[in-house]
Amino acid sequence: MDKLYWLEHIKIQDRPKVGDKAFYLSRIIQRGYPVVPGFVVSAEVLRQFLEALHSSESLVADLPHSSLHLDVANWRQLQQVARQLRQEIISASVPQHWVNTIFKAARKWQSNCLILRPTLTVPTATQGMGNVSGLMEAVFCTCDEQAIAQGLKLLWSQLFRARSLLYWHSIDINLQQINLAVLVQPVENAIASGVFNANTLGWEIEATWGLEVAMSKGEVLPDVYYIQQETGVVIERQLGNKILAYGVNNTTTIESEQVAPASVLTTDHDCLLAYLLKEQQQKEYALPEEYLQQVITLGNRLVSELGTKLTMKWTISQETPDPKLYITQISSPQAVIPNLHLIKGIGAARGRVIGNAHVINSQQKPEKIPQGVILIAPSVTPDWLPVLQEVGGIVTEQGGLTSHAAILARELAIPSVVNATDATNLFLTGERLLIDGDRGEIYRFTENKEQGTENPVTPASITSHPSPVISYSLPVIATQLLVNLSQSSLVEQVQNLPVDGVGLLRSELMVLKILKGQHPQSWVANEKQTELLQLWVEEILRFARAFSPRPILYRSLDWRSPDLPSLNHGTPQSVLGERGTLSYLRNPAVFELELKALAAVQQAGYSNIHLMLPFVRRVEEFVFCRRKVEEAGLTQLSQFQLWIMAEVPSVLFLLPEYIKAGVAGISIGTNDLTQLLLGVDREQGQLGTIFDERHPAVMGAIAQLITMAKDGGIPCSICGQAPVLYPEIIDQLVQWGITSISVEPEAVERTYRAIARAEQRLILAAARHQLKP
């Protein structure tokens, strides 16, 4: 736990860490509204807590990066799993230094009672999601270390209630997508508490004696005041039925006929009690005129700034000598973030970044892009790669999770949002933006002259995802973990990651920076192939040296004509283009040059480079390429292997023939395999719900390929985006017998851990099976 997030210091980019409830309160406390003070224990703390549960039999340990394989329709199983999950959390220990940090911060309030409020964020693109406040309750505890630790676990465990698991499953949200933080605030006795509701029809105030607990539990019928919004005049009031109230467990401050322990969600150290109101008090309105006018005035101010539709929870503390009105919760549309506008898309690459917009309205690749800007364009093709190296973020109007923009951004560790409709028209070059690649959100906001800006608009304010660094021990895994690469500039960062080699070296992206804006065929036609060959060899050598002796699967050029419009060499435009090995048959000169480069790397003493052929449609194409490989002398090295990408559906029927023809291994390319099996263009983000690698047809094809490879005695890898986007399928891949999984650098650590958990479960299942009588 790095730090606590105090409400008055929370920034816009902290929203996923602190949850919506705390974020909204921070927006208004920073604008001078009276809010009960508080700080947030971030969502990352829960993830760290779950990761610390190392038991191989623990269900909880799998949750930070994966999702439960659970049949929620089986109510008995659902209850059993939910009970086990919650028990594991309650019985675990919270690190003492976390508890100490929270206790020291809370002790400053000099309050004996604390409230721990759940505050969470979920994917914003979720359809059909209603109010989730009923899924989780606040927890009350005394201000001592033992009670705080118990309270945290009680709150966290509510995420795994049966009703919670059922709800998240019903709206297609995996548990790892939920960011659950904890808002910690002091609790003091209150004269009255309640809710202010505003909508287009009018204003309404509900009120009860004491703390708001009785209302939230439905134990009282509150007083109701109907307010004319134009004048703030009470036009009608109705006396409720208020028999009891709640207060802090300090009997000297509460006038009551009877005191009893509070039946709310508390730790073993109760700090609340319920008390019966005197008969006379039951007949009185909870809000005397003075306090009623304070609530109306505060509500009017909020409506004038935030809009006509909002809900505010409030409390009037029993302070001496002057009671004070505080806001405890605010719910409103996006207007709770003043001077800021929100555009939604699809989060394609993780991280958040603040910078100046740089809008490009054409599909043509720019010659140069200013350093540190947020690029906004209709789409991005692979030939843009050289100019993307220094941008702070990428936003495109088109594309999905497996689009070129998304893949390039993930490899370069640049936050990205794709499928942001009409973004080039909605933003202007120079505007200050924040993009959130985790949530798929783009914010435009302006300077608040009264308070100043939270961050200056300079390249220095760029805070994108850090380079992947793993500095602690990891469990041993049997499944090989490989990395996808294309940029030699990333080699130094990546070579020390816990990977067994490079599972996909994308040559078409690797060579872009050495082509100088010319198609390789132009180099050949202009008799400059010797110069190009030397540059090509030097580029491959950078990878070979860095990873030796670990293997590198070098994928030969795989260009579609629409992917490289700036390098188009007169080839016809089409959705698939004349790509893959078919292009080698039609024009073998560039492929032969590529093979010469690989042979030169071998001759330089490196035996760790292998060749993988892309988009192979027919066995005849493979045979042609194999002969070219033999002519280049690559097979004279005994360690050399010739692989193919398994991405054209015909491989499902022809793999045994490919093996007979000499294929040494296959790597499943889920991006192309999915779009060809399902008939969906991977670049069309609006079809994202259809383009799903978890589709039964795609998963069935992957299982079939793994089985056929095992039967044929060759290794089977997977290098598409599926394991990164849907880590829950890693269990199935490992169970089916995948040889290796290759992912982008930023996904190495979480994929490593997912593989380890999958293997542990297989071992545990096998051991249990042997123990059965």
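Residues numbered from 1 in each chain as written. Predicted model: local features only at pLDDT ≥ 70, side-chain atom pairs only at ≥ 80, totals over all residues. Heavy atoms only, no water.

**Brief notes about the sheet that holds strand E30 (residues 740–743)**
Cut-off, in case you're wondering: When DSSP locates at least two bridges between a pair of strands, those strands are taken to pair. Secondary structure counts use DSSP, requiring at least four H or I residues in a row for a helix and at least two E residues in a row for a strand, with both numbered from the N terminus. Here an axis means a line fitted to C-alpha atoms, over the contact stretch when the element is a helix, while the angle between two N-to-C directions is reported on a 0 to 180 degree scale.
Spatially, the eight strands close up into a barrel ordered E23-E24-E25-E26-E27-E28-E29-E30, and their pairing is parallel. Neighbour to neighbour, the strand axes of the sheet diverge by 30 degrees on average, direction disregarded. Of the strand pairs in this sheet, strand E28 (residues 665–668) and strand E29 (residues 716–718) are connected by three bridges, and their pairing is parallel. Residue Ser-667 lies in a different strand from E29, and its bridge partner there is Ser-717.

**Section: the state of the cysteines**
The test is simple: The disulfide criterion is simple: two cysteine sulfur atoms within 2.5 Å. When a residue's accessible area, from a 1.4 Å probe over protein chains only, is under 20% of the maximum for its type it is buried; when over 50% it is exposed; and in between it is partly exposed.
On inspection of all chains with the given rule, the structure shows one disulfide. Linked covalently through their sulfurs, Cys-113 and Cys-271 form a disulfide whose S-S length is 2.1 Å. Highlighted residues: Cys-113 in strand E3 (residues 113–121) and Cys-271 in the loop between strand E11 (259–261) and strand E12 (272–276), separated in sequence by 158 residues. The exposure class of Cys-271 is buried, given its relative accessible area of 0%. Of all cysteine sulfurs, the one in Cys-271 lies closest to Cys-141, which takes part in no disulfide; the gap is 6.4 Å. With no disulfide partner, Cys-716 has as its closest neighbouring cysteine sulfur the one in Cys-719, 10.0 Å distant. For Cys-716, a relative accessible area of 2% translates into the label buried.

**Some thoughts on the confidence of the model for the protein**
Residues shown with low pLDDT carry predicted positions that ought not to be read at fine detail. The cut-off we apply is this: Confidence scores labelled pLDDT are given residue by residue by the predictor and lie between 0 and 100. Residues are treated as being in contact if the distance between any of their heavy atoms lies within 4.5 Å.
The share of residues in the protein with pLDDT of 70 or more is 85%, and the mean pLDDT across the chain is 85. Note on residues 251–269: pLDDT under 50 across the span, and 58 contacts to partners over four residues away in sequence or across chains. Low confidence marks residues 447–466, where pLDDT is under 50. Its contacts with residues over four positions away, or in another chain, come to 42 contacts.

**Quick word on the pairing of strand E4 (residues 139–142)**
Within a regular strand, the side chains alternate between the two sheet faces. What you see with E4 is no split at all: Val-139 and Cys-141 on one side and Phe-140 and Thr-142 on the other are buried throughout. Of the pairings in the sheet, the one linking E3 to E4 comprises four bridges and is antiparallel in character. Looking at E4, one finds that Cys-113 is bridged to Thr-142.

**Thoughts on the packing of aromatic side chains**
Heads up, the rule is: Aromatic rings from Phe, Tyr and Trp, taking only the six-membered ring of Trp, are treated as a pair when their centres fall within 6.5 Å; an angle between ring planes under 30 degrees marks them as stacked, one over 60 as edge-to-face, and anything in between as tilted.
Overall, the coordinates contain 10 aromatic pairs when judged by the stated rule. With a centroid separation of 5.8 Å and an interplanar angle of 50 degrees, the aromatic rings of Tyr-225 and Tyr-285 are classed as tilted. Residue Tyr-225 is located in strand E8 (residues 223–228), and its partner Tyr-285 is located in the loop between helix H8 (279–282) and helix H9 (289–306); the two are separated by 60 residues in the primary sequence. Since its relative accessible area comes to 27%, Tyr-285 is described here as partly exposed. On the numbers, 6.4 Å between centres and 90 degrees between planes, the contact of Phe-622 with Tyr-658 is edge-to-face. Taken together, the residues Phe-622 in helix H19 (residues 619–631) and Tyr-658 in helix H20 (residues 651–661) connect sequence positions 36 residues apart.

**Here's the deal with the nonpolar core**
Just so we agree on the cut-off: To define a nonpolar core, start from buried Ala, Val, Leu, Ile, Met, Phe, Trp, Tyr and Cys residues and group those joined through side-chain atoms within 4.5 Å.
Counting residues in hydrophobic clusters, the biggest one holds 113 residues, and the most contacted among them are Trp-536, Leu-613 and Ile-666. The element contributing the most residues to this core is helix H16 (residues 529–547), with nine residues. For Trp-536, the contacting residues outside a window of four places in its chain are Met-510, Val-511, Ile-514, Tyr-554, Leu-557, Val-590, Leu-593, Glu-594 and Ala-597. One finds Leu-50, Trp-98, Ala-106 and Leu-165 within the second-largest nonpolar core, a separate group that totals 52 residues.

**Concerning the packing of helix H3 (residues 75–91) against helix H5 (residues 145–157)**
Helix-helix packing: each pair is described by the crossing angle between the helix axes and the interaxial distance. Note the cut-off: Here the angle decides the label: under 35 degrees means roughly parallel, over 145 means roughly antiparallel, 65 to 115 means roughly perpendicular, and every other value means oblique. Helix crossings are classified by the rotation of the near helix relative to the far one: an anticlockwise turn of less than a right angle makes the crossing left-handed, while a clockwise turn makes it right-handed.
Relative to each other, H3 and H5 sit at 165 degrees, their axes nearing to 9 Å. Compared by their axis directions, H3 and H5 come out roughly antiparallel. The two elements H3 and H5 cross, and the hand of that crossing is right-handed. Contacts between H3 and H5 pair Arg-86, Ile-89 and Ile-90 from the former with Gln-150, Lys-153, Leu-154, Trp-156 and Ser-157 from the latter.

**Here's the deal with the pattern of salt bridges**
Threshold: The salt bridge definition used is simple: a Lys or Arg side-chain nitrogen within 4 Å of an Asp or Glu carboxyl oxygen.
Under the definition given, this model contains 33 salt bridges. Note that Glu-305 is salt-bridged to Arg-301, the shortest N-O span being 3.9 Å. Of the two residues, Glu-305 and Arg-301 both sit in helix H9, four residues apart, roughly one turn of that helix. A relative accessible area of 33% places Arg-301 in the partly exposed class. A salt bridge links Arg-579 to Asp-558; its shortest N-O distance comes to 2.5 Å. Of this pair, Arg-579 sits in the loop between strand E25 (552–555) and helix H17 (581–586) while Asp-558 sits in the loop between E25 and H17, and the two are 21 residues apart along the sequence. Here Arg-579 matches Asp-558 in class, with each residue buried.

**Some details on a negative patch on the surface**
To keep it simple, the criterion reads: Here the term patch refers to residues with relative accessible area over 30% and no salt bridge, with like charges joined within 9 Å and nonpolar side chains (Val, Leu, Ile, Met, Phe, Trp, Tyr) within 5 Å. All accessible-area figures derive from a Shrake-Rupley calculation using a 1.4 Å probe, and residue coverage is judged against the displayed protein chains alone. Counting rule for charge: Lys and Arg are taken as positive, Asp and Glu as negative, and neither His nor the chain ends is counted. Lysine's charge is taken at NZ, arginine's at CZ, aspartate's at CG and glutamate's at CD.
Together, Glu-188, Glu-290, Glu-319 and Asp-322 make up a negatively charged patch on the protein surface. As for its position among the elements, Glu-188 is in the loop between strand E5 (179–187) and strand E6 (190–199).

**Here we look at unusual backbone geometry**
Residue Ser-548 is joined to Pro-549 through a cis peptide bond whose omega torsion reads 5 degrees. Structurally, Pro-549 can be placed in the loop between H16 and E25. Even without being a glycine, Asn-419 presents a positive backbone phi close to 55 degrees. Relative to the elements of secondary structure, Asn-419 occurs in the loop between strand E20 (416–418) and helix H12 (423–426). Its identity as a non-glycine residue notwithstanding, Asp-422 has a phi of 65 degrees, on the positive side. Take Asp-422: it is sitting in the loop between E20 and H12.

**Regarding the environment of Leu-201**
By the secondary structure assignment, Leu-201 is in the loop between E6 and strand E7 (202–209). Separated by 28 residues in the primary sequence, Leu-201 and Gln-229 place their C-alpha atoms 8.9 Å from one another.

**Considerations on the environment of Trp-98**
The residue Trp-98 is located in helix H4 (residues 96–107) in this model. Taking the relative accessible area as the measure of exposure, Trp-98 reaches 5% and is therefore buried. Separated by 95 residues in the primary sequence, Trp-98 and Lys-3 have C-alpha atoms spaced 9.4 Å apart. Residue contacts for Trp-98: discarding those within four places in its chain leaves Met-1, Val-45, Gln-48, Phe-49 and Trp-156.

**Concerning helix H21 (residues 670–678)**
Every α-helix winds through 3.6 residues per turn, so residues three or four apart in the chain are directed the same way. Of the positions making up H21, those classed as buried are Thr-670, Asn-671, Asp-672, Leu-673, Thr-674 and Gln-675. Just downstream of H21, Gly-679 is the residue with a positive phi angle, here 70 degrees.

**A short note on H19**
To keep it simple, the criterion reads: To estimate the expected span of a helix, subtract one from its residue number and multiply by 1.5 Å.
Its 13 residues place the ends of H19 19 Å apart at the C-alpha level, agreeing with the 18 Å of an ideal helix rising 1.5 Å per residue. For H19, every residue scored as buried is listed here: Val-619, Glu-621, Phe-622, Val-623, Cys-625, Lys-628 and Val-629. In the core, the buried residues of H19 are packed alongside H17, helix H18 (589–603), strand E26 (609–613), strand E27 (642–646) and H20. Of the residues flanking the end of H19, it is Gly-633, one or two places downstream, whose phi is positive at about 85 degrees.

**Overview of the packing of H4 against H5**
Inclusion rule: For this scheme, ten residues count as nonpolar: Ala, Val, Leu, Ile, Met, Phe, Trp, Tyr, Cys and Pro. Four count as charged, namely Asp, Glu, Lys and Arg, and the remainder, Gly too, count as polar.
At their nearest, the axes of H4 and H5 sit 9 Å apart, and the two run at 105 degrees to each other. If you check the angle between H4 and H5, you find them roughly perpendicular. Taking contact as the criterion, the partners of Gln-96, Trp-98, Val-99, Asn-100, Ile-102 and Phe-103 in H4 are, on H5, Glu-145, Ile-148, Ala-149, Leu-152 and Trp-156. Considered class by class, the residues forming the contact of H4 with H5 number eight nonpolar, two polar and one charged.

**Points about the pairing of E12**
With four of five residues buried, E12 is to be regarded as a mostly interior element. With five bridges connecting them, strand E10 (residues 244–248) and E12 associate as antiparallel partners. Bridging from a neighbouring strand, Gly-247 pairs with Leu-273 of E12.

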